[in-house]
Amino acid sequence: MKTILWILKILSIFSFIIIGLWFLDYLENNNQDFNVQNIQTTTTKNAENDLISQIYTTPISYVINDERSVLIDLTNMNVFLLKQGKIYKTIRVLHKGPSNLWFQSPTNYFNIGVKYKLLKSGIVNVYMPYSVQIHQDFFIHGIPYFPNGERVTSKYSGGCLRVADEDAKTIYDFSKTGDKIIVFE
């Protein structure tokens, strides 16, 4: 009988711990200060104003006072280059990685990594102009081309973000290694 009471006490203690941890996790994940999913942008002519008004009420507000930062909205396929909180340039994303596969384009808070004027892919025998590292093997870059100079025409992406070459150069010239970059969907 003492063993059963002892086991019940231990189970009740573990139950309180589990419920407490669940409650803390619930509070943290449902707090508006941490919810990037609230960001909604549009592709209307007021998209920039809409985005800026929402930035000030979201966790990505920590980038708005930086000299430079980059926001990438994969829902509406836009790159926003910010200078001290003001949109300097809006760029259209042409292709991204598939959302339903393991090599989807990453979303999170990052810092710009390395930059290459011309990067050879480690997966496919193509060159990617004006590549800027988002995270690990994921870059934003211009339209890839084969060693013979032929441009890639497929919409396939292994998770990188593809933009027009002139836009890739703009991002390349604008960003500096270490700048904050936020990718959301």
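That block above? That's the structure.
Residues numbered from 1 in each chain as written. Predicted model: local features only at pLDDT ≥ 70, side-chain atom pairs only at ≥ 80, totals over all residues. Heavy atoms only, no water.

Engineer: Just checking my understanding: could you explain the overall build of the chain for this structure?
Structural biologist: When helices and strands are tallied, the chain shows 3 helices and 9 strands. The helix and strand sequence of the chain, counted from the amino end, reads α-α-β-β-β-β-β-β-β-β-α-β. Among the 185 residues that make up the chain, the fraction classed as buried is 39%. Taking all contacts inside the chain whose residues are at least 6 apart in sequence as the whole, residues at least 24 apart take part in 50%. Within the structure as shown, the chain displays about 11300 Å² of accessible surface, and the carbon and sulfur contribution to it stands at 57%. (Helix = DSSP H or I, 4+ residues; strand = E, 2+ residues; numbered from the N terminus. Buried < 20%, exposed > 50% of the residue type's maximum accessible area, 1.4 Å probe, protein only. Contact = heavy atoms within 4.5 Å. Areas by Shrake-Rupley, 256 points an atom, 1.4 Å probe, with all protein chains shown as cover.)

Engineer: Help me understand the sheet that holds strand β2 (residues 78-83) in this model?
Structural biologist: Picture the strands of a sheet paired through backbone hydrogen bonds; they go either parallel or antiparallel. The mixed open sheet is built from 5 strands, whose spatial order is β3-β2-β1-β9-β4. The open sheet has two free edges, formed respectively by β3 (86-92) and β4 (108-111), since each of these has just one partner strand. Averaged over all adjacent pairs, the angle separating strand axes in this sheet is 20°, with direction ignored. Two elements, strand β1 (residues 68-73) and strand β9 (residues 180-184), share 5 bridges in a ladder whose sense is parallel. Paired with L71 across the strands is I182, a residue of β9. Taken strand by strand, helix α3 (residues 165-174) contacts β1, β2 and β3, and its axis lies near 30° from that of β2. (Pairing = 2+ DSSP bridges. Axes fitted to C-alpha atoms, helices over the stretch in contact; angles between N-to-C directions.)

Engineer: Explain the sheet that holds strand β6 (residues 127-135) to me, please; I cannot follow it from the model alone.
Structural biologist: Here we have 4 strands laid out as an open sheet, ordered β5-β6-β7-β8, and mixed in their pairing. For this open sheet the edge positions go to β5 (115-120) and β8 (161-162), each flanked by a neighbour on one side alone. Contacting β5, β6 and β7 (138-141), α3 runs over the sheet at an angle of about 45° to β6.

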